[in-house]
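# Examining the three-dimensional arrangement
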Amino acid sequence: MTPLANARARYDRATAHLDAPLALVDLDAFDANADDLVRRAAGKPVRVASKSVRCRALLERVLARDGFAGVMSYTLAESLWLARSGVEDVLLAYPSADRDGYAELAADPKLAASVTVMVDDPAQLRLIEEARGPGAEEIRVCLELDTSLLLLGGRVRVGARRSPLHSPADVAELARLVDRRPGFRVVGLMAYEGHVAGVGDDVAGSPLRSRAIRLMQRAARRELAARRDAVVRAVRAVVPELEFVNGGGTGSVQHTVAEPAVTEVAAGSGLFVPRLFDNYTSFTGRPAALFAQPVVRRPGVGVVTVLGGGYPASGVAGPDRSPVPYLPEGLRYDPQEGAGEVQTPLLGPPADDLLIGDKVWFRHAKAGELCERFAALHLVSGDAVVDTVPTYRGEGRTFL
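Counting restarts for each chain, with residues numbered from 1 along the sequence as it is written. It should be noted that, the model being predicted, local features are given only for residues of pLDDT at least 70 and side-chain atom pairs only at 80 or more, the latter also being counted only at that level, while totals for whole chains, interfaces and linings use all residues. For the side-chain quantities, the full set of heavy atoms in the structure was used; hydrogens and water were omitted.

Looking at an unreviewed UniProt entry, one finds the protein named Amino acid deaminase/aldolase, with Streptomyces albidoflavus as its source organism.

Every angle, taken between N-to-C directions, lies between 0 and 180 degrees, and every axis is a line fitted to C-alpha atoms, over only the stretch in contact when it is a helix. Secondary structure counts use DSSP, requiring at least four H or I residues in a row for a helix and at least two E residues in a row for a strand, with both numbered from the N terminus. Closest axis-to-axis distance for the helix α5 (residues 99-107)/helix α7 (residues 122-132) pair is 8 Å, and the angle between their directions is 65 degrees. With respect to α7, the element α5 is oriented roughly perpendicular. Like other packed secondary-structure pairs, α5 and α7 cross with a definite hand, here right-handed. Contact residues: α5 offers Arg 99, Tyr 102, Ala 103 and Ala 106, while α7 offers Leu 127, Ile 128, Ala 131 and Arg 132. Three categories are distinguished: nonpolar for Ala, Val, Leu, Ile, Met, Phe, Trp, Tyr, Cys and Pro, charged for Asp, Glu, Lys and Arg, and polar for the others, with Gly belonging to the last. In terms of residue class, the contact of α5 with α7 is built from six nonpolar, no polar and two charged. Geometric relationships in this document are graded by angle, where less than 35 degrees denotes roughly parallel, more than 145 denotes roughly antiparallel, 65 to 115 denotes roughly perpendicular, and other angles denote oblique. With the far helix as reference, a near helix turned anticlockwise by less than a right angle produces a left-handed crossing, and one turned clockwise produces a right-handed crossing. Contacts are assigned to residue pairs with any non-hydrogen atoms lying within 4.5 Å of each other.

What follows is about the side chain of Thr 250. Note on placement: Thr 250 falls in the loop between β10 (244-247) and α11 (253-256). Owing to a relative accessible area of 5%, Thr 250 belongs among the buried residues under this scheme. Contacts described as polar in this section are N or O atom pairs within 3.5 Å, which, within protein, must combine one atom able to donate a hydrogen with one able to accept it, while residues neighboring in sequence count only if both atoms come from side chains. Engagement of the side chain of Thr 250 in a polar contact is seen with the backbone nitrogen of Gly 270, the distance being 2.9 Å. Non-local contacts of Thr 250, meaning those with residues more than four positions away in its chain, are made with Arg 40, Ala 197, Ala 266, Ala 267, Gly 268, Ser 269, Gly 270, Phe 277 and Phe 283. Burial here depends on accessible area, computed with a 1.4 Å probe over protein chains only, as a share of the maximum for the residue type. Under 20% is buried, over 50% is exposed, and the range in between is partly exposed.

Quick look at the structure:
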């Protein structure tokens, strides 16, 4: 049997008592991926990106391992919930307009000490001030640097449109503004180089495009390393007691931690290794998160239909945002239908060996978004389900 055939047999045995649809996490793969992230981080702590996990039990599992410290959250409501659940270091990675959440944060000493909010615009500070009321707790603030690579005098931009703060002067000026504002304290800097960390550089069947991506990323890393160092020095001149400088993501861990200015790296997708992380030359992970759909029809030779399965990932719409049929090997979508809302036909020779009720295993395009579709994750070790834990959705938490 091939390795993938062995994996299918193991997952089928482990979940033989469970009806699909269902989702699982292979703990052996999950733990191996966690070890690989720590190895690549080379001694600097890895902050877990919760949006790529969305399951408290698995966040707790990885935070209990050496080499991981803190959570990078994606909404203020989630940050407060995690802090109330016992996470002592939560960095909110995105600015928020949640006035009720800010009022709650500022009114609770424990929450205010545990949660750091993201700011890149004075208007965000004003919103927080309006929400917090008088005599509230000090708010911990992280400033975000725009990591985009600007070419041709800024006419060409490579990178996500995030923070408006691009230069050392931009960030230092906002640091001064926050430092002069009562009730706020700058404690960190963040710079997420998504065009390096989140873009695979080994695109299957496209050697020229892959080479272009590698050249772009090399130039982007070089430019950002120099600029990030200058930004950190400029901010430390204003805020000498800066606690952390966060950067990177799963696809750039070993490059980001090589910068002396960076004190920690963020990663989350590298724990589950969804399909968008297959095309990297810098690391190879093990797919750890899968979902299964049941065969419900056999329309003809070489065709089966599974229930549901149309779970697209966020981002620019395209084939790479669809889940991929994974096990058994050799199944593909019908190009006229794709992954459907309530049913999905699959083509290929393996279809003729599948029976009604059999499971077809899929990999999601992105990591944590899978958990928005399922209330529970079945945790598999070896060929047995060793635990079943709720996702955020299973705990009644749908933050976005």
